[in-house]
Amino acid sequence: MAKIATDRTTIDLFAQDKRPGRPKTNPLPRAEQLKLNKRNQIKRDRSKGLKRIEFKVSDQLYEQLSQHASDAQMTRSAYIEHILTQMLTR
């Protein structure tokens, strides 16, 4: 039985063939990778003495914060930290 390179219906004939694309390097599924990466990020932040704060804001305030942060050439979180520091030192 001859195999045709374009025939992909019989997978057992092509088990050793290298497929194009990026090889799978992590055995975990993507959802598990994201959980693990987030856990590691939180550990890194804690070791740096950082604490996590979450709050919800309106779209308008979010856009204003983003615009002011980009004008100041800062990240949004750094800009919010800067504003909070200024308010608390008054």
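For the structure, see preceding data.
Note that this is a predicted model, so its numbers are computed, not measured.

Enquirer: Even after reading the chapter, I still don't get the overall build of the protein, so can you show me in this structure?
Expert: Assigned secondary structure in the protein consists of 3 helices and 0 strands. Listing every helix and strand of the protein by position from the N terminus yields α-α-α. Within the structure as shown, the protein displays about 8900 Å² of accessible surface, and the carbon and sulfur contribution to it stands at 54%.

Enquirer: So what exactly am I meant to see when it comes to the packing of helix α2 (residues 59–71) against helix α3 (residues 76–88) here?
Expert: Packed helices, taken two at a time, are described by the angle between their axes plus the distance between the axes. At a closest axis distance of 9 Å, the pairing of α2 and α3 adopts a crossing angle of 95 degrees. Taken together, α2 and α3 sit at an angle that is classed as roughly perpendicular. Contacts between α2 and α3 involve Y62, L65, S66, H68 and A69 from the former and R76, Y79, I80 and I83 from the latter. When grouped by side-chain class, the residues that make up the contact of α2 with α3 number 6 nonpolar, 2 polar and 1 charged.

Enquirer: Sorry if this is basic, but what is going on with the environment of R30 here?
Expert: The topology assignment puts R30 in helix α1 (residues 30–47). The exposed category is assigned to R30, whose relative accessible area is 53%. Within the local environment of R30, its side chain forms a polar contact with the side chain of Q33, the two groups lying 3.1 Å apart.

Enquirer: I would appreciate a short explanation of a nonpolar patch on the surface in the present structure.
Expert: Together, I53, F55, V57, L61 and Y62 line one region of the surface with nonpolar side chains, adding up to about 470 Å² of accessible area. Here Y62 shows up in helix α2.

Enquirer: Help me understand the environment of S58 in this model?
Expert: Topologically, S58 is positioned in the loop between α1 and α2. On the basis of relative accessible area, S58 is assigned to the partly exposed category, the value being 44%. A polar side-chain atom of S58 sits 3.3 Å from the main-chain amide nitrogen of L61.

Enquirer: Looking at this structure, how should I read unusual backbone geometry?
Expert: Even without glycine at this site, Q73 takes up a positive phi of about 55 degrees. Topologically, Q73 is positioned in the loop between α2 and α3. We classify Q73 as exposed; its relative accessible area is 74%.

Enquirer: Got a minute to help me understand the side chain of Q33 in this structure?
Expert: Among the structural elements, Q33 can be located in helix α1. On the basis of relative accessibility, which here comes to 16%, the residue Q33 falls in the buried class.

Enquirer: Any chance you could explain α2 here in plain terms?
Expert: Within an α-helix, residues lying three or four positions from one another point in the same direction, as the helix has 3.6 residues per turn. With 13 residues, α2 extends 18 Å between its outermost C-alpha atoms, agreeing within 8% with the 18 Å of an ideal straight helix rising 1.5 Å per residue. Immediately beyond the C-terminal end of α2, within one or two residues, lies Q73, with a positive phi of roughly 55 degrees.

Basis of the calculations
- Residues numbered from 1 in each chain as written.
- Predicted model: local features only at pLDDT ≥ 70, side-chain atom pairs only at ≥ 80, totals over all residues.
- Heavy atoms only, no water.
- Helix = DSSP H or I, 4+ residues; strand = E, 2+ residues; numbered from the N terminus.
- Areas by Shrake-Rupley, 256 points an atom, 1.4 Å probe, with all protein chains shown as cover.
- Axes fitted to C-alpha atoms, helices over the stretch in contact; angles between N-to-C directions.
- Parallel < 35°, antiparallel > 145°, perpendicular 65-115°, else oblique.
- Contact = heavy atoms within 4.5 Å.
- Nonpolar A, V, L, I, M, F, W, Y, C, P; charged D, E, K, R; others polar.
- Buried < 20%, exposed > 50% of the residue type's maximum accessible area, 1.4 Å probe, protein only.
- Polar contact = N/O pair within 3.5 Å; in protein donor to acceptor, adjacent residues only side chain to side chain.
- Patch = residues over 30% accessible without salt bridge, like charges linked within 9 Å, V, L, I, M, F, W, Y side chains within 5 Å.
- Salt bridge = Lys/Arg side-chain N within 4 Å of Asp/Glu carboxyl O.
- Expected span 1.5 Å × (residues − 1).

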